[in-house]
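# Examining the three-dimensional arrangement
The residues making up each chain are set out below.
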Amino acid sequence: MIVIFDLDYTLFNTNKLKGDIAKILNIDIEQYNNDCKRCFTDKNIVYNPYELLRILKNERRISSIKNYKERIENLLTPANKYLYNGALAVIKKFKERDYRLVLLSVGDKKWQNRKINGLKIRKYFDSIVILEKDKHKNLKFLKKEKEKVLIINDNAGETIDMKKAIGKCETCLIHGPYSKNVKHNFNAYKIKDCLKMYD
């Protein structure tokens, strides 16, 4: 079986990291989310905390980038505290079964790699792919695969697009902020539930 994992909100507790970065910046989480929306989401740009620091410095909301950057880096050294409960157990169990594990993530390549390295999970994956958008457009080759494919992802709209691109495959939608972003008939689960579902 080929198992395609998403990273943020699926394996990685992105909300917890956002909260910790907001504390470092001495702002509340609402202000932090508004800044991210204004600086990245509204401009259709992938998030990068180092770019956010540069913007905040230009706006004279912080005096220096270096100190904040070091503190943000330290959050991910190591980053195990941001793995959802049961996530590593699922990854290890699937690896023990000789499943082909793919980590497919959308985001800034440098920042996503920093998180992955901090989690120390790179060794479990046969392939790691980081894109800025449109996961589904990079999966059409899987239509020719004879192996079963399982998608584990928190984003319902993204999961539907991936399923259409691949064709016949199984899906496991993980409950999160994007699990209801489109109308669908999936059930949503916690990542640790995968151990029971695919035991």
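Residues numbered from 1 in each chain as written. Predicted model: local features only at pLDDT ≥ 70, side-chain atom pairs only at ≥ 80, totals over all residues. Heavy atoms only, no water.

### Quick notes on the nonpolar core
Most often, soluble globular proteins keep nonpolar side chains buried together rather than apart. Counting 49 residues, the largest nonpolar core has Val 3, Phe 5, Leu 11, Phe 94, Phe 125, Ile 152 and Ile 191 as its most contacted members. With sequence-adjacent residues up to four places away left out, Val 3 is seen in contact with Phe 94, Tyr 99, Arg 100, Leu 101, Val 102, Leu 150 and Ile 152. Counting residues in hydrophobic clusters, the runner-up holds twelve residues, among them Leu 131, Val 149, Ile 166 and Cys 169. (Core = buried A, V, L, I, M, F, W, Y, C linked by side-chain atoms within 4.5 Å. Buried < 20%, exposed > 50% of the residue type's maximum accessible area, 1.4 Å probe, protein only. Contact = heavy atoms within 4.5 Å.)

### A closer look at the packing of helix H1 (residues 14-24) against helix H4 (residues 65-75)
Between H1 and H4, the least distance of the axes is 10 Å, while the angle of their chain directions is 150°. Judged by the inter-axis angle, H1 sits roughly antiparallel to H4. Between H1 and H4 lies a crossing of right-handed hand. Side by side, H1 and H4 meet where Leu 17, Asp 20, Ile 21 and Ile 24 of the first sit next to Tyr 68, Arg 71, Ile 72 and Leu 75 of the second. Looking at the contact of H1 with H4 residue by residue, the classes come out as six nonpolar, no polar and two charged. (Axes fitted to C-alpha atoms, helices over the stretch in contact; angles between N-to-C directions. Helix = DSSP H or I, 4+ residues; strand = E, 2+ residues; numbered from the N terminus. Parallel < 35°, antiparallel > 145°, perpendicular 65-115°, else oblique. Left-handed = near helix turned anticlockwise from the far one by under 90°. Nonpolar A, V, L, I, M, F, W, Y, C, P; charged D, E, K, R; others polar.)

### Examining the sheet that holds strand E6 (residues 188-189)
Two strands in a sheet stick together by hydrogen bonds in their backbones, pointing the same way (parallel) or opposite ways (antiparallel). With parallel pairing, six strands are arranged side by side in an open sheet as E3-E2-E1-E4-E5-E6. Each edge of the open sheet is held by one strand with a lone partner, namely strand E3 (127-131) and E6. Against the sheet, helix H5 (residues 87-96) makes contact with strand E1 (2-5), strand E2 (100-106) and strand E4 (149-153), and its axis sits at roughly 160° relative to E1, the strand it touches most. Sheet strands in contact with helix H6 (residues 109-119) are E2 and E3, and its direction is about 145° off that of E3. (Pairing = 2+ DSSP bridges.)

### Re the side chain of Asn 153
Checked against the element boundaries, Asn 153 lands in strand E4. Here Asn 155 takes part through its backbone nitrogen, which lies 3.4 Å from a polar atom of the side chain of Asn 153. A polar contact is formed between the side chain of Asn 153 and the side chain of Glu 158, at a distance of 2.9 Å. (Polar contact = N/O pair within 3.5 Å; in protein donor to acceptor, adjacent residues only side chain to side chain.)

### Describing the pairing of E1
Neither face of E1 is open: one carries Ile 2 and Ile 4, the other Val 3 and Phe 5, and all of them are buried. Note that E1 and E2 share four bridges and pair parallel. Across the sheet, Ile 2 pairs through a bridge with Arg 100, a residue of E2.

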